[in-house]
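Each chain, letter by letter, is given below.
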Amino acid sequence: AMLEGGFIALTVKLLLCANVLATFPLIVRSSFTTIESSFGGMSMVSSNIMRTSYVLAAAFCAASIPSFGKLVGLVGGVACTALGMTIPVIMLNKVNKESIAKSGKPAMTSVEKVLSPLILILSIIVMAFVIITC
């Protein structure tokens with residue numbers, strides 16, 4: 001069922017699978033490092049067992065959760081919107097307040113002061129759209 005469709009659809013699906021296989025080790029490397037350091041370092045055998053267990057658990061979650069792709073899309077859409085639109089505006093406003101308190105000079109221009117609330121509103125709309133469409 002997964003490999004149905006025309007040549008282009010099949011090619012895209014196979015390339016997405018190759019992408020997951022190629023990028024998964026890079027994405028989870030920090031998790032592996034954190035887990036291993038929390039145990040005070042691990043031997044090669046125990047490290048390999050932990051990493052294999054982690055990958056099997058991830059595969060089990062992906063296979064057993066219905067509509068896993070929608071869940072990943074929901075989390076990714078909301079998280080990327082927050083990281084790209086919401087948090088930078090909040091950080092800029094905080095830096096501006098601190099700059100005014102310390103030096104009396106604002107860190108934001110008047111255009112940024114006008115655009116900041118609009119960007120926040122847009123980010124909330126985008127997140128709501130992602131939630132509704134998933």
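Not measured: the values here are computed from a predicted model.

Draft legend 1. The packing of helix α1 (residues 7–38) against helix α2 (residues 44–64), seen in detail. Running from amino to carboxyl end, α1 crosses α2 at an angle of 130 degrees, the nearest separation of the two axes being 11 Å. Looking at the two axes, α1 sits oblique to α2. Handedness of the crossing formed by α1 with α2: right-handed. Residues F24, V28, R29, S31, F32, I35 and E36 of α1 form the contact with α2, whose own contacting residues are S47, M50, R51, Y54, V55 and A58. When its residues are assigned to classes, the contact of α1 with α2 shows 8 nonpolar, 2 polar and 3 charged.

Draft legend 2. Structural detail: helix α4 (residues 110–133). For α4, which comprises 24 residues, the first-to-last C-alpha distance of 35 Å matches the rise-based estimate of 34 Å (1.5 Å per residue) to within 8%. A bend of about 25 degrees at S116 is the largest found in α4, and the proline P117 appears one to four places after it. Listed as buried for α4 are S116, S123, M127 and V130. Packing partners of the buried residues in α4 comprise α3 (68–103).

Draft legend 3. Structural context of the side chain of T86. On the secondary structure map, T86 appears in helix α3. Among the residues examined, T86 registers a relative accessible area of 14% and is labelled buried. Beyond its immediate sequence surroundings of up to four residues, T86 is in contact with T81, L120, S123 and M127.

Draft legend 4. Structural context of the environment of F32. Along the chain, F32 turns up in helix α1. When its relative accessible area of 6% is taken as the criterion, F32 is described as buried. Separated by 22 residues in the primary sequence, F32 and L10 place their C-alpha atoms 33 Å from one another. In this structure, F32 is in contact with M50, R51, Y54 and V55, ignoring residues within four places of it in sequence.

Draft legend 5. The pattern of salt bridges, seen in detail. Considering all chains together, one arrives at 1 salt bridge under this definition. In this structure, R51 and E36 form a salt bridge, with 2.9 Å as the shortest nitrogen-oxygen distance. With R51 in helix α2 and E36 in helix α1, the pair connects residues that are 15 residues apart, well separated along the chain. Judged by its relative accessible area of 25%, R51 is partly exposed.

Draft legend 6. Looking closely at the layout of surface pockets. Within this model, the largest pocket holds a volume of roughly 610 Å³. Forming the boundary of the largest pocket are 16 residues, of which V20, F24, A62, F68 and V72 lie nearest the centre. With 7 residues, the single largest contributor to the lining of the largest pocket is α1. Across the lining of the largest pocket, the residue classes break down as 13 nonpolar, 3 polar and no charged.

The rules behind these values
- Residues numbered from 1 in each chain as written.
- Predicted model: local features only at pLDDT ≥ 70, side-chain atom pairs only at ≥ 80, totals over all residues.
- Heavy atoms only, no water.
- Axes fitted to C-alpha atoms, helices over the stretch in contact; angles between N-to-C directions.
- Helix = DSSP H or I, 4+ residues; strand = E, 2+ residues; numbered from the N terminus.
- Parallel < 35°, antiparallel > 145°, perpendicular 65-115°, else oblique.
- Left-handed = near helix turned anticlockwise from the far one by under 90°.
- Contact = heavy atoms within 4.5 Å.
- Nonpolar A, V, L, I, M, F, W, Y, C, P; charged D, E, K, R; others polar.
- Expected span 1.5 Å × (residues − 1).
- Bend = angle between axes of the 7 residues up to and from the residue.
- Buried < 20%, exposed > 50% of the residue type's maximum accessible area, 1.4 Å probe, protein only.
- Salt bridge = Lys/Arg side-chain N within 4 Å of Asp/Glu carboxyl O.
- 1 Å grid on protein atoms, 1.4 Å probe; cavity = no way out; pocket = protein on both sides within 12 Å on 5 of 7 lines; lining within 4 Å.
- Points joined across faces, edges and corners; volume = space filled by probe spheres on them.

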